[in-house]
Amino acid sequence: MEKVLGQILSDLQNGKLSHAVLLEGGSPEDRHELACSVAKALVCSAQAAPCDACSNCIKANADAHPDILLYSGGATVGSFKVDTVREIRRLASVLPNEAERKVFVLENTQAMAAGAQNALLKILEEPPYYVHFVLTCPSQSAMLDTVLSRVTVYTCPQEQNQADTADLEKARTVACSILKNVAVKKEWDVLKETAQFEKDKAFFALCCQEMRSLAELALVNKVADLPADETVEQISSLFPKSKLVCVIDVCANMLDSIQSNLNGNLLITLFCAQLLTDQYGRI
(Lines give C-alpha, C1' and ligand atoms only; values in the text may rest on other atoms or scores of the structure.)
Protein backbone atom coordinates (compact mmCIF):
# COMPACT_ATOMS: atom_id res chain seq x y z
CA MET A 1 0.00 0.00 0.00
CA GLU A 2 2.97 2.29 0.65
CA LYS A 3 3.87 2.09 -3.03
CA VAL A 4 0.38 3.17 -4.12
CA LEU A 5 0.36 6.05 -1.63
CA GLY A 6 3.82 7.08 -2.81
CA GLN A 7 2.58 7.25 -6.40
CA ILE A 8 -0.45 9.32 -5.41
CA LEU A 9 1.65 11.74 -3.35
CA SER A 10 4.11 12.06 -6.21
CA ASP A 11 1.28 12.88 -8.60
CA LEU A 12 -0.02 15.45 -6.12
CA GLN A 13 3.43 17.02 -5.68
CA ASN A 14 3.87 17.26 -9.45
CA GLY A 15 0.42 18.69 -10.08
CA LYS A 16 -0.74 15.56 -11.89
CA LEU A 17 -3.30 14.27 -9.43
CA SER A 18 -6.81 14.13 -10.83
CA HIS A 19 -9.64 15.88 -9.03
CA ALA A 20 -11.19 12.41 -8.62
CA VAL A 21 -9.40 9.16 -7.81
CA LEU A 22 -10.73 5.64 -7.34
CA LEU A 23 -8.93 3.27 -4.98
CA GLU A 24 -9.67 -0.38 -5.78
CA GLY A 25 -8.40 -3.73 -4.54
CA GLY A 26 -6.86 -4.60 -1.20
CA SER A 27 -8.97 -5.00 1.92
CA PRO A 28 -11.61 -2.56 3.21
CA GLU A 29 -9.13 -1.51 5.89
CA ASP A 30 -6.41 -0.90 3.28
CA ARG A 31 -8.70 1.25 1.16
CA HIS A 32 -9.97 3.22 4.16
CA GLU A 33 -6.47 3.91 5.43
CA LEU A 34 -5.26 4.93 1.99
CA ALA A 35 -8.28 7.17 1.36
CA CYS A 36 -7.73 8.96 4.67
CA SER A 37 -4.04 9.46 3.89
CA VAL A 38 -4.88 10.92 0.47
CA ALA A 39 -7.51 13.21 1.97
CA LYS A 40 -5.03 14.41 4.61
CA ALA A 41 -2.44 15.17 1.93
CA LEU A 42 -5.00 17.14 -0.06
CA VAL A 43 -5.86 19.45 2.86
CA CYS A 44 -2.28 19.74 4.17
CA SER A 45 -0.91 23.30 4.08
CA ALA A 46 2.76 22.25 3.72
CA GLN A 47 4.54 22.03 0.39
CA ALA A 48 5.54 18.41 0.98
CA ALA A 49 2.21 16.88 1.96
CA PRO A 50 1.26 15.37 4.28
CA CYS A 51 3.47 16.99 6.91
CA ASP A 52 1.58 15.65 9.97
CA ALA A 53 2.47 18.91 11.74
CA CYS A 54 0.17 21.61 10.37
CA SER A 55 -3.27 22.20 11.89
CA ASN A 56 -4.93 20.62 8.85
CA CYS A 57 -2.96 17.38 9.24
CA ILE A 58 -3.55 17.28 12.99
CA LYS A 59 -7.31 17.63 12.51
CA ALA A 60 -7.28 15.07 9.68
CA ASN A 61 -5.46 12.59 11.91
CA ALA A 62 -8.12 13.14 14.56
CA ASP A 63 -10.93 12.61 12.00
CA ALA A 64 -12.06 16.13 12.80
CA HIS A 65 -11.26 18.19 9.71
CA PRO A 66 -14.32 20.14 8.52
CA ASP A 67 -13.17 19.96 4.88
CA ILE A 68 -12.91 16.17 4.77
CA LEU A 69 -16.36 14.64 4.40
CA LEU A 70 -16.76 10.86 4.58
CA TYR A 71 -19.69 8.91 3.13
CA SER A 72 -20.06 5.15 2.82
CA GLY A 73 -22.35 2.62 1.22
CA GLY A 74 -23.43 -0.64 2.82
CA ALA A 75 -23.15 -4.29 1.82
CA THR A 76 -25.78 -4.26 -0.91
CA VAL A 77 -26.15 -2.49 -4.23
CA GLY A 78 -28.45 0.49 -3.76
CA SER A 79 -27.47 1.16 -0.14
CA PHE A 80 -25.44 4.19 -1.25
CA LYS A 81 -28.48 6.31 -1.96
CA VAL A 82 -29.14 8.82 -4.73
CA ASP A 83 -30.25 11.28 -2.06
CA THR A 84 -26.82 10.99 -0.44
CA VAL A 85 -25.17 11.82 -3.76
CA ARG A 86 -27.46 14.82 -4.16
CA GLU A 87 -26.41 16.02 -0.70
CA ILE A 88 -22.77 15.66 -1.74
CA ARG A 89 -23.42 17.74 -4.85
CA ARG A 90 -25.07 20.43 -2.72
CA LEU A 91 -22.20 20.56 -0.24
CA ALA A 92 -19.66 20.67 -3.05
CA SER A 93 -20.91 24.14 -3.91
CA VAL A 94 -19.93 25.40 -0.44
CA LEU A 95 -16.39 26.77 -0.12
CA PRO A 96 -13.90 25.00 2.19
CA ASN A 97 -13.90 26.10 5.82
CA GLU A 98 -10.17 25.98 6.62
CA ALA A 99 -8.14 24.26 3.89
CA GLU A 100 -7.65 25.24 0.27
CA ARG A 101 -9.41 22.07 -0.82
CA LYS A 102 -12.57 20.26 0.11
CA VAL A 103 -12.31 16.46 -0.03
CA PHE A 104 -15.19 14.03 -0.34
CA VAL A 105 -14.25 10.46 0.59
CA LEU A 106 -16.86 8.07 -0.83
CA GLU A 107 -16.32 4.53 0.41
CA ASN A 108 -17.93 1.36 -0.95
CA THR A 109 -19.08 3.01 -4.14
CA GLN A 110 -19.87 -0.46 -5.48
CA ALA A 111 -23.03 -0.01 -3.38
CA MET A 112 -24.21 2.72 -5.78
CA ALA A 113 -26.85 1.60 -8.23
CA ALA A 114 -26.74 3.07 -11.73
CA GLY A 115 -28.97 5.99 -10.71
CA ALA A 116 -26.64 7.06 -7.91
CA GLN A 117 -23.57 6.72 -10.13
CA ASN A 118 -25.21 8.83 -12.82
CA ALA A 119 -26.08 11.45 -10.20
CA LEU A 120 -22.44 11.48 -9.07
CA LEU A 121 -21.30 11.80 -12.67
CA LYS A 122 -22.70 15.33 -12.87
CA ILE A 123 -20.38 16.66 -10.18
CA LEU A 124 -17.43 14.56 -11.39
CA GLU A 125 -17.70 16.17 -14.81
CA GLU A 126 -17.55 19.79 -13.66
CA PRO A 127 -16.57 20.08 -9.99
CA PRO A 128 -15.66 23.40 -8.36
CA TYR A 129 -11.91 24.04 -8.54
CA TYR A 130 -11.43 23.34 -4.84
CA VAL A 131 -13.29 19.98 -4.72
CA HIS A 132 -11.57 16.60 -4.80
CA PHE A 133 -13.12 13.14 -4.66
CA VAL A 134 -11.60 9.94 -3.28
CA LEU A 135 -13.72 6.91 -4.15
CA THR A 136 -13.12 3.36 -2.94
CA CYS A 137 -14.47 -0.02 -4.05
CA PRO A 138 -13.26 -3.62 -4.27
CA SER A 139 -13.11 -3.56 -8.08
CA GLN A 140 -13.50 -0.87 -10.71
CA SER A 141 -15.72 -3.31 -12.63
CA ALA A 142 -18.53 -2.26 -10.26
CA MET A 143 -18.48 1.28 -11.65
CA LEU A 144 -20.06 2.61 -14.84
CA ASP A 145 -17.70 3.31 -17.73
CA THR A 146 -18.82 6.94 -17.71
CA VAL A 147 -17.69 7.28 -14.08
CA LEU A 148 -14.40 5.48 -14.74
CA SER A 149 -13.64 7.86 -17.59
CA ARG A 150 -13.61 10.75 -15.12
CA VAL A 151 -11.45 9.26 -12.36
CA THR A 152 -7.90 8.02 -12.06
CA VAL A 153 -7.77 4.45 -10.76
CA TYR A 154 -5.12 3.31 -8.29
CA THR A 155 -5.01 -0.40 -7.44
CA CYS A 156 -4.11 -1.60 -3.96
CA PRO A 157 -2.32 -4.97 -3.84
CA GLN A 158 -4.42 -7.89 -2.69
CA GLU A 159 -3.59 -9.51 0.62
CA GLN A 160 -1.50 -12.63 0.30
CA ASN A 161 -3.62 -15.68 1.00
CA GLN A 162 -2.00 -17.94 3.53
CA ALA A 163 -4.24 -20.93 2.86
CA ASP A 164 -2.48 -24.23 2.30
CA THR A 165 -2.70 -26.26 -0.89
CA ALA A 166 -5.39 -28.60 0.43
CA ASP A 167 -7.65 -25.69 1.41
CA LEU A 168 -7.14 -24.03 -1.98
CA GLU A 169 -7.98 -27.23 -3.85
CA LYS A 170 -11.10 -27.75 -1.75
CA ALA A 171 -12.16 -24.11 -2.24
CA ARG A 172 -11.66 -24.36 -5.99
CA THR A 173 -13.74 -27.55 -6.12
CA VAL A 174 -16.58 -25.94 -4.17
CA ALA A 175 -16.36 -22.75 -6.25
CA CYS A 176 -16.60 -24.78 -9.48
CA SER A 177 -19.60 -26.68 -8.15
CA ILE A 178 -21.42 -23.51 -7.16
CA LEU A 179 -20.76 -21.88 -10.52
CA LYS A 180 -21.98 -24.91 -12.46
CA ASN A 181 -25.14 -25.16 -10.36
CA VAL A 182 -25.80 -21.44 -10.81
CA ALA A 183 -25.41 -21.86 -14.56
CA VAL A 184 -28.07 -24.58 -14.74
CA LYS A 185 -30.26 -22.91 -12.10
CA LYS A 186 -30.05 -25.69 -9.51
CA GLU A 187 -30.90 -23.40 -6.63
CA TRP A 188 -31.20 -26.17 -4.02
CA ASP A 189 -27.71 -27.46 -4.85
CA VAL A 190 -26.29 -23.94 -4.54
CA LEU A 191 -27.92 -23.60 -1.11
CA LYS A 192 -26.50 -26.97 0.00
CA GLU A 193 -22.97 -26.03 -1.12
CA THR A 194 -23.05 -22.66 0.62
CA ALA A 195 -24.48 -24.07 3.87
CA GLN A 196 -20.96 -25.14 4.87
CA PHE A 197 -19.90 -21.48 5.00
CA GLU A 198 -22.10 -20.85 8.05
CA LYS A 199 -19.43 -22.01 10.50
CA ASP A 200 -16.34 -21.12 8.48
CA LYS A 201 -16.09 -17.54 7.22
CA ALA A 202 -12.45 -18.03 6.27
CA PHE A 203 -13.41 -20.83 3.90
CA PHE A 204 -16.32 -18.71 2.60
CA ALA A 205 -13.84 -15.96 1.74
CA LEU A 206 -11.46 -18.44 0.12
CA CYS A 207 -14.26 -19.85 -2.05
CA CYS A 208 -15.26 -16.33 -3.07
CA GLN A 209 -11.68 -15.63 -4.10
CA GLU A 210 -11.50 -18.84 -6.13
CA MET A 211 -14.90 -18.20 -7.73
CA ARG A 212 -13.89 -14.69 -8.71
CA SER A 213 -10.62 -15.99 -10.14
CA LEU A 214 -12.42 -18.67 -12.17
CA ALA A 215 -14.94 -16.13 -13.48
CA GLU A 216 -12.17 -13.72 -14.44
CA LEU A 217 -10.26 -16.45 -16.30
CA ALA A 218 -13.46 -17.60 -18.01
CA LEU A 219 -14.23 -14.04 -19.06
CA VAL A 220 -10.77 -13.64 -20.60
CA ASN A 221 -11.20 -16.99 -22.33
CA LYS A 222 -14.55 -15.92 -23.76
CA VAL A 223 -13.59 -12.40 -24.81
CA ALA A 224 -10.06 -12.99 -26.08
CA ASP A 225 -10.51 -16.65 -27.05
CA LEU A 226 -7.34 -17.55 -25.17
CA PRO A 227 -6.59 -21.16 -24.25
CA ALA A 228 -7.47 -22.24 -20.71
CA ASP A 229 -7.73 -25.41 -18.66
CA GLU A 230 -10.76 -27.66 -19.00
CA THR A 231 -12.55 -26.25 -15.94
CA VAL A 232 -12.23 -22.63 -17.05
CA GLU A 233 -13.34 -23.45 -20.60
CA GLN A 234 -16.37 -25.29 -19.24
CA ILE A 235 -17.37 -22.32 -17.09
CA SER A 236 -16.78 -20.01 -20.05
CA SER A 237 -19.16 -22.09 -22.15
CA LEU A 238 -21.86 -22.06 -19.46
CA PHE A 239 -22.04 -18.30 -18.88
CA PRO A 240 -22.54 -15.24 -21.08
CA LYS A 241 -20.07 -12.40 -20.65
CA SER A 242 -22.53 -10.23 -18.74
CA LYS A 243 -23.14 -12.92 -16.12
CA LEU A 244 -19.42 -13.55 -15.64
CA VAL A 245 -18.96 -9.84 -14.92
CA CYS A 246 -21.81 -10.05 -12.41
CA VAL A 247 -20.26 -13.07 -10.68
CA ILE A 248 -16.97 -11.18 -10.37
CA ASP A 249 -18.79 -8.22 -8.79
CA VAL A 250 -20.80 -10.42 -6.41
CA CYS A 251 -17.65 -12.17 -5.18
CA ALA A 252 -15.70 -8.92 -4.78
CA ASN A 253 -18.53 -7.32 -2.82
CA MET A 254 -18.98 -10.42 -0.67
CA LEU A 255 -15.27 -10.49 0.21
CA ASP A 256 -15.62 -6.93 1.45
CA SER A 257 -18.67 -7.85 3.51
CA ILE A 258 -17.02 -10.92 5.03
CA GLN A 259 -14.03 -8.84 6.10
CA SER A 260 -16.42 -6.30 7.61
CA ASN A 261 -17.59 -9.02 10.02
CA LEU A 262 -21.28 -8.81 9.11
CA ASN A 263 -23.76 -11.54 10.08
CA GLY A 264 -22.70 -14.83 8.46
CA ASN A 265 -26.16 -16.26 7.75
CA LEU A 266 -27.29 -13.00 6.23
CA LEU A 267 -24.22 -12.91 3.99
CA ILE A 268 -24.76 -16.47 2.76
CA THR A 269 -28.41 -15.72 1.96
CA LEU A 270 -27.44 -12.53 0.16
CA PHE A 271 -24.68 -14.34 -1.73
CA CYS A 272 -27.05 -16.99 -3.05
CA ALA A 273 -29.73 -14.44 -3.91
CA GLN A 274 -27.31 -12.27 -5.88
CA LEU A 275 -25.97 -15.24 -7.82
CA LEU A 276 -29.39 -16.67 -8.61
CA THR A 277 -31.75 -13.73 -9.06
CA ASP A 278 -32.33 -11.07 -11.66
CA GLN A 279 -30.53 -8.45 -9.56
CA TYR A 280 -27.31 -9.62 -11.13
CA GLY A 281 -28.78 -10.84 -14.38
CA ARG A 282 -30.24 -14.34 -14.28
CA ILE A 283 -29.02 -16.36 -17.26
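Look up: the structure comes first, before these words.
Residues numbered from 1 in each chain as written. Predicted model: local features only at pLDDT ≥ 70, side-chain atom pairs only at ≥ 80, totals over all residues. Heavy atoms only, no water.

1. Topic: the overall build of the protein chain
Then, in step 1: In terms of helices and strands, the protein chain carries twelve helices and five strands.
Then, in step 2: A compact globule built from 283 residues would reach a C-alpha radius of gyration of about 19 Å, and the protein chain, at 20 Å, matches this within 12%.
Then, in step 3: Taken across its 283 residues, the protein chain has 47% of its residues classed as buried.
Then, in step 4: When the accessible surface of the protein chain is summed, it comes to about 13600 Å², and 50% of that surface belongs to carbon and sulfur atoms.
Then, in step 5: Computed over 26 positive and 35 negative side-chain charges, the separation of the two mean positions in the protein chain equals 6 Å. (Helix = DSSP H or I, 4+ residues; strand = E, 2+ residues; numbered from the N terminus. Rg over C-alpha atoms; globule rule 2.2 N^0.38 Å. Buried < 20%, exposed > 50% of the residue type's maximum accessible area, 1.4 Å probe, protein only. Areas by Shrake-Rupley, 256 points an atom, 1.4 Å probe, with all protein chains shown as cover. Lys, Arg positive; Asp, Glu negative; His and termini not counted. Charge placed at Lys NZ, Arg CZ, Asp CG, Glu CD.)

2. Considering unusual backbone geometry
Then, in step 1: For the bond from Ala-49 to Pro-50, the omega torsion is -5°, close enough to zero to count as cis.
Then, in step 2: Along the chain, the position of Pro-50 falls in the loop between helix H2 (28-43) and helix H3 (55-61).
Then, in step 3: One non-glycine residue with positive phi stands out, namely Asp-63, at about 55°.
Then, in step 4: For Asp-63, the position within the fold is in the loop between H3 and strand E2 (68-72).
Then, in step 5: Given a relative accessible area of 69%, Asp-63 falls into the exposed group.
Then, in step 6: Here the phi dihedral of Asn-108 falls at roughly 60°; this positive angle occurs in a residue that is not glycine.

3. Topic: the sheet that holds strand E3 (residues 102-107)
As a general point, the strands of a sheet are linked pairwise by backbone hydrogen bonds and lie either parallel or antiparallel.
Then, in step 1: The five strands are arranged E2-E3-E4-E1-E5 in an open sheet whose pairing can be described as parallel. Both edges of this open sheet fall to E2 and strand E5 (152-156), since each of them pairs with a single strand only. For this sheet, the mean inter-axis angle between neighbouring strands, taken without regard to orientation, is 20°.
Then, in step 2: On the sheet, helix H1 (residues 2-13) packs against strand E1 (20-25) and E5 and is oriented at approximately 155° with respect to E5. (Pairing = 2+ DSSP bridges. Axes fitted to C-alpha atoms, helices over the stretch in contact; angles between N-to-C directions. Contact = heavy atoms within 4.5 Å.)

4. Looking at the environment of Glu-98
Then, in step 1: Positionally, Glu-98 belongs in the loop between helix H4 (82-92) and E3.
Then, in step 2: Spatially, the C-alpha atom of Glu-98 lies 26 Å from that of Asp-83, the residues being 15 residues apart in sequence.
Then, in step 3: Setting aside anything within four residues of it in sequence, one finds Glu-98 in contact with Asn-56, Lys-59, His-65, Pro-66 and Asp-67.
Then, in step 4: A polar side-chain atom of Glu-98 sits 2.8 Å from a polar atom in the side chain of Lys-59. (Polar contact = N/O pair within 3.5 Å; in protein donor to acceptor, adjacent residues only side chain to side chain.)

5. Here's the deal with the environment of Pro-128
Then, in step 1: Among the secondary structure elements, Pro-128 is positioned in the loop between helix H5 (114-125) and strand E4 (131-137).
Then, in step 2: Considering only alpha carbons, one finds Pro-128 and Arg-101, 27 residues apart in sequence, at a separation of 9.9 Å.
Then, in step 3: Those residues in contact with Pro-128, other than ones at most four positions away along the chain, are Ala-92 and Ile-123.

6. Examining helix H7 (residues 165-183)
Residue pairs spaced three or four apart in an α-helix point in one direction, given the helix's 3.6 residues per turn.
Then, in step 1: Taking 1.5 Å of rise per residue, 19 residues should cover 27 Å, and H7 covers 27 Å from first to last C-alpha, within 8% of that figure.
Then, in step 2: Inspection of H7 places Ala-171, Val-174, Ala-175, Cys-176, Ile-178, Leu-179, Asn-181, Val-182 and Ala-183 among the buried residues, and these make up the whole buried set.
Then, in step 3: As for H7, its buried residues are in contact with helix H8 (187-194), helix H9 (201-224), helix H10 (230-238), helix H11 (241-259) and helix H12 (264-276).
Then, in step 4: Taken from the residues just after H7, Lys-185 is the one with a positive phi, measuring 65°. (Expected span 1.5 Å × (residues − 1).)

7. Concerning the pattern of salt bridges
Then, in step 1: Applying the stated criterion across every chain yields a total of nine salt bridges.
Then, in step 2: Note that Asp-229 and Arg-172 form a salt bridge whose closest N and O atoms lie 3.4 Å from each other. Here Arg-172 lies in helix H7 and Asp-229 lies in the loop between H9 and H10, a separation of 57 residues in the sequence.
Then, in step 3: On the basis of relative accessible area, Asp-229 is assigned to the partly exposed category, the value being 39%.
Then, in step 4: The closest approach of N and O atoms between Lys-192 and Asp-189, which form a salt bridge, is 3.5 Å. Here the residue Lys-192 and the residue Asp-189 both occupy positions in helix H8, the gap between them amounting to three residues, near one helical turn.
Then, in step 5: Residue classification places Asp-189 among the partly exposed positions, given a relative accessible area of 23%.
Then, in step 6: Via salt bridges that share partners, Arg-172, Glu-210 and Asp-229 belong to a single interconnected network. (Salt bridge = Lys/Arg side-chain N within 4 Å of Asp/Glu carboxyl O.)

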